[in-house]
Structures are given as C-alpha cells and as structure tokens.
Amino acid sequence: MTTSHNSKPLTPKYLQEDGLSEECKKLLSTLPKEKGLIGSYIYNYQGFWVSPRIIQGVIACQKQFQAQDSDIILVTTPKSGTTWLKALVFALVNRIRFPLSAQNHPLLVKNPHSLVPFLELKLYVDGQVPDFSSFTTHRLLATHLPFASLPKSVQDSESKLIYLCRNPRDTFISMWHFTNKLRSHYIDTNSIEEMFDLFCKGVSLFGPFWDHVLDYWKKSLEKPKRVLFLMYEEIKEKPEIQLKRLAEFLECPFSEEEETSGVVNEILKLCSFENLSNLEVNKNEKWPTGEEHKLFFRRGEVGDWKNYFTTEMVEKLDHIIEQNFLGSGFSFYYT
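Residues numbered from 1 in each chain as written. Predicted model: local features only at pLDDT ≥ 70, side-chain atom pairs only at ≥ 80, totals over all residues. Heavy atoms only, no water.

If you look the chain up in an unreviewed UniProt entry, it shows as Sulfotransferase from Nicotiana tabacum. What the UniProt record of the chain gives under Sequence similarities (unreviewed entry) is the line "Belongs to the sulfotransferase 1 family." (UniProt positions renumbered as here; feature names shortened; annotations may be inferred.)

J.: I'm lost on the sheet that holds strand β7 (residues 227-231) in this one. Help?
T.: Strand pairs in the sheet, formed through backbone hydrogen bonds, run parallel or antiparallel to each other. Pairing in this open sheet of four strands is parallel, and the strands run β5-β4-β6-β7 from one edge to the other. Both edges of this open sheet fall to β5 (140-143) and β7, since each of them pairs with a single strand only. Put simply, the sheet's adjacent strands are angled 20° from each other on average, direction ignored. Alignment of strand β6 (residues 160-165) against β7, held across five bridges, turns out to be parallel. Each residue of the ladder has a partner; that of Ile162, found in β7, is Leu228. Helix α3 (residues 82-93) rests against β4 (72-76), β5, β6 and β7 of the sheet, and its axis sits at about 160° to β4. Its contacts with the sheet put helix α10 (residues 209-222) on β4, β6 and β7, and the angle it makes with β7 is roughly 125°. (Pairing = 2+ DSSP bridges. Helix = DSSP H or I, 4+ residues; strand = E, 2+ residues; numbered from the N terminus. Axes fitted to C-alpha atoms, helices over the stretch in contact; angles between N-to-C directions. Contact = heavy atoms within 4.5 Å.)

J.: Just to check I follow, could you spell out the packing of helix α9 (residues 192-200) against helix α17 (residues 311-325) for this structure?
T.: Packed helix pairs are specified by the crossing angle of their axes together with the interaxial distance, meaning the distance between the axes. Relative orientation of the contacting elements α9 and α17 amounts to 15°, with a least axis distance of 11 Å. It follows that α9 is roughly parallel to α17 by the angle criterion. By crossing handedness, the relation of α9 to α17 is classed as left-handed. Contact residues: α9 offers Ile192, Phe196, Asp197, Phe199 and Cys200, while α17 offers Met313, Lys316, Leu317 and Ile320. (Parallel < 35°, antiparallel > 145°, perpendicular 65-115°, else oblique. Left-handed = near helix turned anticlockwise from the far one by under 90°.)

J.: How should empty space enclosed by the protein be read in this particular structure?
T.: Summary: where empty space remains is shown by rolling a probe the size of a single water molecule over the atoms. All chains considered together, the criterion is met by one cavity of 30 Å³ or more. In this structure, the largest cavity occupies an estimated 30 Å³ of space. Among the residues forming the lining of the largest cavity, the class breakdown is six nonpolar, one polar and no charged. (1 Å grid on protein atoms, 1.4 Å probe; cavity = no way out; pocket = protein on both sides within 12 Å on 5 of 7 lines; lining within 4 Å. Points joined across faces, edges and corners; volume = space filled by probe spheres on them. Nonpolar A, V, L, I, M, F, W, Y, C, P; charged D, E, K, R; others polar.)

J.: Any chance you could explain the pairing of β4 here in plain terms?
T.: Successive side chains on a regular strand alternate, one facing one side of the sheet and the next facing the other. The buried fraction of β4 amounts to five of the five residues, a majority that puts the element mostly inside the structure. In this sheet, β5 lies alongside β4 in parallel orientation, the contact comprising four bridges. Bridge assignment links Ile72 to a residue of β5, and that residue is Leu140. The sheet contact formed by β4 and β6 spans five bridges and is parallel. Bridging across to β6, Ile72 finds its partner in Lys160. (Buried < 20%, exposed > 50% of the residue type's maximum accessible area, 1.4 Å probe, protein only.)

J.: Can you walk me through helix α2 (residues 52-64) in this structure?
T.: Helical periodicity: at 3.6 residues per turn, an α-helix aligns residues three or four positions apart in one direction. End to end, α2 covers 19 Å across 13 residues, agreeing with the expected 18 Å (1.5 Å per residue, within 8%). With 10 of its 13 residues buried, α2 lies for the most part within the structure. For α2, the full list of buried residues reads Pro52, Arg53, Ile54, Ile55, Gln56, Gly57, Val58, Ala60, Cys61 and Gln62. Turning to α2, the residues buried within the fold contact α1 (22-28), β2 (41-45), β3 (48-50) and α6 (119-123). (Expected span 1.5 Å × (residues − 1).)

J.: Any chance you could explain the packing of α3 against helix α12 (residues 239-249) here in plain terms?
T.: Taken N-terminus to C-terminus, the directions of α3 and α12 make an angle of 55°; their axes are 11 Å apart at the nearest point. Taken together, the axis directions place α3 and α12 in an arrangement best described as oblique. Note on packing geometry: the crossing formed by α3 with α12 is right-handed. Two secondary-structure elements touch here, α3 through Leu88, Val89 and Leu92 and α12 through Leu243, Leu246 and Ala247. Within the contact of α3 with α12, the residues separate by chemical class into six nonpolar, no polar and no charged.

J.: I tried to follow the pattern of salt bridges on my own but got confused; where do I start?
T.: Pairs can form between side chains of opposite charge once their charged atoms are near each other. Taken as a whole and judged by the stated rule, the model has 12 salt bridges. Note that Asp156 and Lys152 form a salt bridge whose closest N and O atoms lie 2.5 Å from each other. One end of the pair, Asp156, and the other, Lys152, are both in helix α7 (residues 152-156), four residues apart, so they sit about a helical turn from each other. Look at Asp156 and you get exposed, because its relative accessible area is 53%. (Salt bridge = Lys/Arg side-chain N within 4 Å of Asp/Glu carboxyl O.)

J.: Please clarify how the packing of aromatic side chains should be interpreted in this entry.
T.: When we look at a pair of aromatic rings, we describe it by the centre distance and by the angle of the planes. One pass over the full model with this rule turns up 27 aromatic pairs. A ring pair is formed by Trp84 and Tyr232, whose centres lie 5.5 Å apart and whose planes are at 75°; its orientation type is edge-to-face. Of the two residues, Trp84 is situated in helix α3 and Tyr232 in helix α11 (residues 232-237); the sequence distance between them amounts to 148 residues. No difference in accessibility class separates Trp84 from Tyr232, as the two residues are buried. On the basis of an interplanar angle of 80° and a centroid distance of 5.5 Å, the ring pair of Phe229 and Phe330 is categorised as edge-to-face. Of the two residues, Phe229 sits in strand β7 while Phe330 sits in the segment after α17, which places them 101 residues apart along the sequence. By the burial criterion, Phe229 is buried, and Phe330 matches it. Its end group placed over the ring of Phe132, Arg139 keeps NZ or CZ at 4.6 Å from the ring centre. Taking the ring centre of Tyr334 as reference, the NZ or CZ of Arg169 above it sits at 3.6 Å. (Phe/Tyr/Trp six-rings, centres within 6.5 Å; stacked < 30°, edge-to-face > 60°. Lys NZ or Arg CZ within 6 Å of the ring centre and 35° of its normal.)

Right, dumping it as structure tokens:
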C-alpha cells in the first residue's frame, strides 16, 4: 500500500470527496444528510440515501443512459448477494459463448463486478462517458437504484429486471462489516449500535431497505414478464430450481440434453462462493478506485445475523418490517 511520509495510508479514491462538480456541491447543500456509512456523510437524494461521489454517477446515468429492450439489468440493495447473482447470470446467458469447463472462462480471471458493471457506481461515476460498443446484444448491467429512480429509458423499455432480495438482518450485518472494512486504516469504524439505529431509521446505502424491496416486489407482481423477484435464501436452499426459473425468465431455458449432462450443476459449481472466493483475481486484486476484490466475499451464508443480533435488535427490526410490509403478502426467510 502506498503511504505518505507520516506513514498514514493515502486515502483511496472511494473515500475521496473533493472531486465533485460545483453543481453537485450546490445540490448537496440542499439535501438532508446523516453520518456517513463509508465517507463522512450520506445524503438523501430522491428519497434514498447515497454518498456524494455516487450522486454524480446517479444523475449522469439518469440523464444519459439509453436502455434497449434486450438489456438485462440486475438489481439489489447493497450486500444482498449481488456478486453471486452477477456470476450466475453471466455464466447462464453466456454458456454457449463461454463453455463452462473452459480453463480461461471469464469468471475465473475477472471479478463478477467487472463482467456485469454497475451503471451509477462504475459506468457513469466520476464524469465518465461509457462506451457500450464492446457489449454483446444482451447487455448485462447492474444497479442499486430504487425503481422510481431508474433512468426513464429503463422504466419505458422492455428490458428485463432481475431483483435479488436478502433478509434484512443478514443484509445489515453484511453491510456493517463491508463498510467498516472500507473505512478501516483511514477513518474510524462505525459501531454496530450506531449503524443499526441508522438502518432502523431507513438510513442505509440506497435505502430505506424496506422501500427498495417493496417497490420491486410490487413491480414483479404487476409485470412478471419484465421483473423477476428472487430471494437469496431460496437460491441457497434450492439452487437448481431457482437457476431454472432464471433461465426461463431470460428465455434461455435449459434443454433436456443440458439438464442430463449436468449443465445446471456446472454453473452452480463455477459460481459457488467456495470457488469464486478462492480465485487469485478475487483474493489479491483490487479496483482502480482502491476497493479490494476480497471484500466482496465474506461468508455467503444465511443466518450469520444470529452471531450479532440481540433479542432487542430482533424485536425492533421485526416491528419496523412488520409495519412496512403490512398487507403486502410478503415475508422474509431468516434461516
């Protein structure tokens, strides 16, 4: 790691807050703010919470992105199994182009996030103008944006949205670990109590968590051919069934021959936590902006919240979830 003379590590790009346009600074001065989860502050823009650098990416993406009907867009709240979903969908839709047994399969040499890039966090951030010419017909993209804040072209197109939801207890614990790892060495970490209070107030990356989930859940009921709603815990429990659901939704179902020859299991094995987390690219490499790839692989389990949640925390969050999901017919799986 590069250090300055007083041996304090140089602040990585993802923590820097000085590259903002005047327009963005002006906007920030008008927005509600709270103590930051990654940087100093987090701001409420269009009803969701996000860091200053990312707001610029969100605005650029909303103004400039032109969706195509053939686009496949993966949507999650942060720390809901995004990395796994990206790997599964990439392997699934590219199974002819990149044979699963190939030694140089892209998933073995690249991090899933570089194969399925985020619109607001990667392609449009820091004033970039993305070049989509290298993408195949079915462009595979990702976002953390709530439905109402998706670029208008996405809302108006026939592009397919795949939403992955994870229970709020595990999502919270994973987010607490992740944001603290990004902060450690540079700024003080957040205590679990402090971050839990913020989460319960709806202050989490791209949250309130419940609004994010509920909006996509409703859209999946309204437009089942356009929005597929998956649950992390269900994929963990019955991966074959959920992968087949995904293939049907994307109109690339498995043939009988593929099922017999074990293609479904090959995809699941290639994309497993054990396999991906032990690859050189995911153990030792990092993004140009400074985030280490290994931070995206912690435990990949259901129920880790039990190691951290007190009875009071369970009761408090359950009460909030109950209030927000009342009458929706929706329920989470915690184990």
